[in-house]
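Structural description and commentary
Here are the chains, one letter per residue:
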Amino acid sequence: FACVAKVLISGEFWAVRLLTRAQPNLAERYEQVRSLTSRYPNNFLEVRYLVDEIRIDESGDMYPVVLIKWSDGVPLRKYLIDLCSANEIDKIRALREAFKHLQSRLGAEGIAHGDLSADNVLVSGGSDDPQLTLLDYDSLWTERIKDVLCAVSNQGPMQHPLRSNPIGRNADEMAFLIFDAVLA
């Protein structure tokens with residue numbers, strides 16, 4: 001789907017994302033992410049979408065590049081394993097509350113990430129008040145791009161088996177239910 005590399009640009013680390021296949025309406029989707037980043041800087045990473053930025057073969061065709069501000073957060077999967085291994089019940093409860101807060105915030109704004117999983121969430125901040133940062137915006141849904149097809153076509157274990165495409169504002173409900181049950 002994409003190759004990602006960490007690079008240093010003007011003294012700041014960024015993830016350079018090179019797409020390995022076409023994705024519909026990518027510029028629109030990343031414009032929405034840019035809008036969300038300004039309103040929710042703890043939950044969405046700064047992005048820059050560069051049209052026709054790189055040529056990867058002899059055809060002469062140019063492809064887009066997505067720059068995403070690097071975050072040193074801990075992947076949710078590792079963070080949770082570490083908490084469980086250390087029997088940190090109160091910190092697991094704090095993580096559960098952080099997910100409830102995120103669900104409430106996204107729901108109130110009519111936003112769906114569309115591909116929530118332990119691999120697409122970074123945890124940062126203090127363990128008593130963890131901050132959740134979402135990664136991988138290929139399936140993002142907002143009212144403004146409601147007719148744009150979701151780039152992730154497979155139904156992973158965190159998505160409802162009857163999920164449609166385009167997805168909708170409730171696309172993350174099953175994932176949030178799973179997170180809540182796991183963290184309970």
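Going by the structure above, here's the rest.
This section reports on the structure supplied with the text.

Using the criterion set out here, one finds 14 salt bridges in the structure. A salt bridge links Arg169 to Glu143; the nearest nitrogen and oxygen atoms lie 3.3 Å apart. Here Arg169, found in the loop between β7 (131-134) and α4 (173-183), pairs with Glu143, found in the loop between β7 and α4; they are 26 residues apart in sequence, far enough to count as distant. On the basis of relative accessibility, which here comes to 43%, the residue Arg169 falls in the partly exposed class. Relative accessible area serves as the criterion here: at 41%, Glu143 is assigned to the partly exposed category. Within this structure, Arg17, Asp136 and Asp138 form a network of salt bridges that share partners.

On to the packing of aromatic side chains. By the definition in use, this model includes 4 aromatic pairs. Taken together, a centroid distance of 5.8 Å and an interplanar angle of 40° make the contact between Phe44 and Tyr137 tilted. Remark: Tyr137 occurs in the loop between β7 and α4 and Phe44 occurs in the loop between α1 (26-39) and β3 (47-55); sequence separation between them is 93 residues. Tyr137 carries the same exposure label as Phe44, and that label is buried.

Read across the open sheet, the 3 strands follow the order β5-β6-β7; overall the sheet is antiparallel. Of all strands in the sheet, those bounded by a partner on one side alone are β5 (74-75) and β7. Pairing between β5 and strand β6 (residues 121-124): 2 bridges, direction antiparallel. Each bridged residue has a counterpart across the sheet, and for Pro75 the counterpart in β6 is Leu122. Packed on one face of the sheet, helix α3 (residues 89-109) meets β6 and β7 and runs near 50° to β7.

What follows is about the side chain of Asn120. Relative to the helices and strands, Asn120 resides in the loop between α3 and β6. Those residues in contact with Asn120 that lie beyond four places of it in its chain are His113, Asp115, Thr133, Leu134, Leu135 and Asp136.

On to the packing of α3 against α4, then. Viewed as axis vectors pointing N to C, α3 and α4 meet at an angle of 165°, and their least axial separation amounts to 9 Å. One finds that α3 runs roughly antiparallel with respect to α4. When the axes of α3 and α4 are compared, the crossing they make is left-handed. Residues Ile92, Leu95, Arg96, Phe99, Lys100, Leu102, Gln103 and Leu106 of α3 form the contact with α4, whose own contacting residues are Phe176, Phe179, Asp180 and Leu183. Considering only residue class, the contact of α3 with α4 consists of 8 nonpolar, 1 polar and 3 charged.

Procedures and definitions
Residues numbered from 1 in each chain as written. Predicted model: local features only at pLDDT ≥ 70, side-chain atom pairs only at ≥ 80, totals over all residues. Heavy atoms only, no water. Salt bridge = Lys/Arg side-chain N within 4 Å of Asp/Glu carboxyl O. Helix = DSSP H or I, 4+ residues; strand = E, 2+ residues; numbered from the N terminus. Buried < 20%, exposed > 50% of the residue type's maximum accessible area, 1.4 Å probe, protein only. Phe/Tyr/Trp six-rings, centres within 6.5 Å; stacked < 30°, edge-to-face > 60°. Pairing = 2+ DSSP bridges. Contact = heavy atoms within 4.5 Å. Axes fitted to C-alpha atoms, helices over the stretch in contact; angles between N-to-C directions. Parallel < 35°, antiparallel > 145°, perpendicular 65-115°, else oblique. Left-handed = near helix turned anticlockwise from the far one by under 90°. Nonpolar A, V, L, I, M, F, W, Y, C, P; charged D, E, K, R; others polar.

Everything listed here is a matter of geometry and, on its own, says nothing about what the molecule does.
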